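Secondary and tertiary structure notes
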Amino acid sequence: MTKATQRMKASMGFIFLVLFATFPASFSQDSQFAHVLTKSTNNRFGSSATFPVQGNVYPLGYYSVHLKIGNPPKVYDLDIDTGSDFTWVQCDAPCTGCTKPRDLLYKPKQNNLVNCVDPVCVAMHLPGKPQCKDPKEQCDYQVNYADQGSSLGVIVKDNFPLQLINGSNIAPRLAFGCGYNQKYSGSHSPPSTAGVLGLGNGNVNIVSQLHNIGITKNVLGHCLSGRGGGFLFFGDDLVPSSGIAWTPISSNPTDKHYSSGPAELVFGGTSTGVKGLTMIFDSGSSYTYFNSQAYQATVNLIKKDLNGKPLKDAAEDKSLSICWKGKKPFKSVGDVKSYFKPLALSFTNAKNVQLQLSPEAYLIVTRHGNVCLGILNGHEVGLGNLNIIGDISMQDKMVVYDNEKRQIGWAPANCDRLPKS
């Protein structure tokens, strides 16, 4: 699921991708890099774009960004999701399951619609073919999420006004979904955002489209603050030249997620014996998910280490699966972190590369003043043997998804300040 569905489960951003594939080379010709509003650059991959981020892990449960779409442009708040590679917004077509007022929905025009012979439509349905009686019919899409949520709609193209950090103002015409039928998991409230910004490992995502038409490198990253907010960037201008730990992206061509591994689980600086973990980096998930073996090992080690410390089970707090309470309510993880040891994921396919998980990267303090474990059992939500690195474990780090060099990187960072253009 993505963050659009995450409000319903406060859970992982893993998505079952049913339509997506690689754009053919002709897409770069079909994409209309037009509507350059002011000066632009003649250099291919000339710059990057940055965006302020809103949201938090708890209590909101997601991070979002405001993007302008259309001419004249309207602003849409979209969940940032590196677990899926398709962007869609709620659509005034009319709409079933939309949560925004009608005047805040995207209303397509006839010239926005993508037909069934368009290279975008053909690519979206590979390895199959679009189910169209007439080649001139509109191209439909459907995405199904792991929590049984879904979005159904039509594929459109429209302008995305962007200000690049080199001073250029552009409005490239990009493909995305106009979702007119959204379904949500029944146990939680629908999301408040207008749609999903799909940035996953595939050529359908917005950054890949910008790369295909020569605007940015096929690199993106985010810096999510543990105090809420942060920033998102497209392109590689903000990527530090040193200090980042890099691990290769999985070479599986059918994997649309940013996955890497194998990794070994470390607790308090000591190996747990849990090895061979494939990790998916997914900003569409509030929390981190381990498979049953890694989860149970983590829980057992934490509980054993808490023996003799002034914490008791808080079973009455249903915020997450496992919570503890102290003698008085906690105000922040800082009040309780001394009771918990750090975790780490050691990636064995790269030399001396570890993703450090301090207590702040796997604990939350709830509105009840209890501390809860932000690592959940993936088996219980149908993930099987997959493992998800969610927002909680990526806070206060710059996380970079480099599709040019096929690697994922991270480094500690101050995410409270948007980088200067």
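Residues numbered from 1 in each chain as written. Predicted model: local features only at pLDDT ≥ 70, side-chain atom pairs only at ≥ 80, totals over all residues. Heavy atoms only, no water.

Re the state of the cysteines
Two cysteines, two sulfur atoms, one covalent bond between them: this is a disulfide. If you walk through the whole model with that rule in mind, you get 6 disulfides. The disulfide that involves Cys95 links it to Cys98, with 1.7 Å between the sulfurs. Its torsion about the S-S bond being 70°, the disulfide of Cys95 and Cys98 is classed as right-handed. Taking the relative accessible area as the measure of exposure, Cys95 reaches 23% and is therefore partly exposed. Residue Cys116 pairs covalently with Cys132 via a disulfide, S to S 1.9 Å. In this structure, the disulfide formed by Cys116 and Cys132 twists by about -70° around the S-S bond and is classed as left-handed. Residue Cys116 is found in the loop between strand S5 (88–90) and helix H3 (119–124), and its partner Cys132 is found in the loop between H3 and strand S6 (140–145); the two are separated by 16 residues along the sequence. (Disulfide = S-S within 2.5 Å. Buried < 20%, exposed > 50% of the residue type's maximum accessible area, 1.4 Å probe, protein only. Helix = DSSP H or I, 4+ residues; strand = E, 2+ residues; numbered from the N terminus.)

A short note on the UniProt feature "active site" (unreviewed entry) in the protein chain
According to UniProt, the feature "active site" (unreviewed entry) maps to Asp81 and Asp282 in the numbering used here. A maximum C-alpha distance of 6.6 Å among these annotated residues, which run over 202 residues, shows that they cluster at one spot. Residue placement: Asp81 occurs in strand S4 (residues 74–81). With respect to the helices and strands, Asp282 occurs in the loop between strand S17 (277–281) and strand S18 (288–290). (UniProt positions renumbered as here; feature names shortened; annotations may be inferred.)

Quick word on the side chain of Ser48
The residue Ser48 is located in the loop between helix H2 (26–30) and strand S2 (49–56) in this model. Its relative accessible area of 1% is what places Ser48 among the buried residues. Polar contacts involving the side chain of Ser48 include one to the main-chain carbonyl oxygen of Phe234, which spans 3.4 Å. (Polar contact = N/O pair within 3.5 Å; in protein donor to acceptor, adjacent residues only side chain to side chain.)

Observations regarding the sheet that holds strand S20 (residues 323–325)
Strand order across the open sheet formed by 4 strands is S19-S20-S24-S23, with antiparallel pairing between neighbours. The sheet is open, and its two edges are formed by strand S19 (312–313) and strand S23 (363–365), each paired on a single side. Looking at chain direction, S20 and strand S24 (residues 371–373) are connected through 2 bridges and run antiparallel. Bridged to Trp324 within S24 is Val371. (Pairing = 2+ DSSP bridges.)

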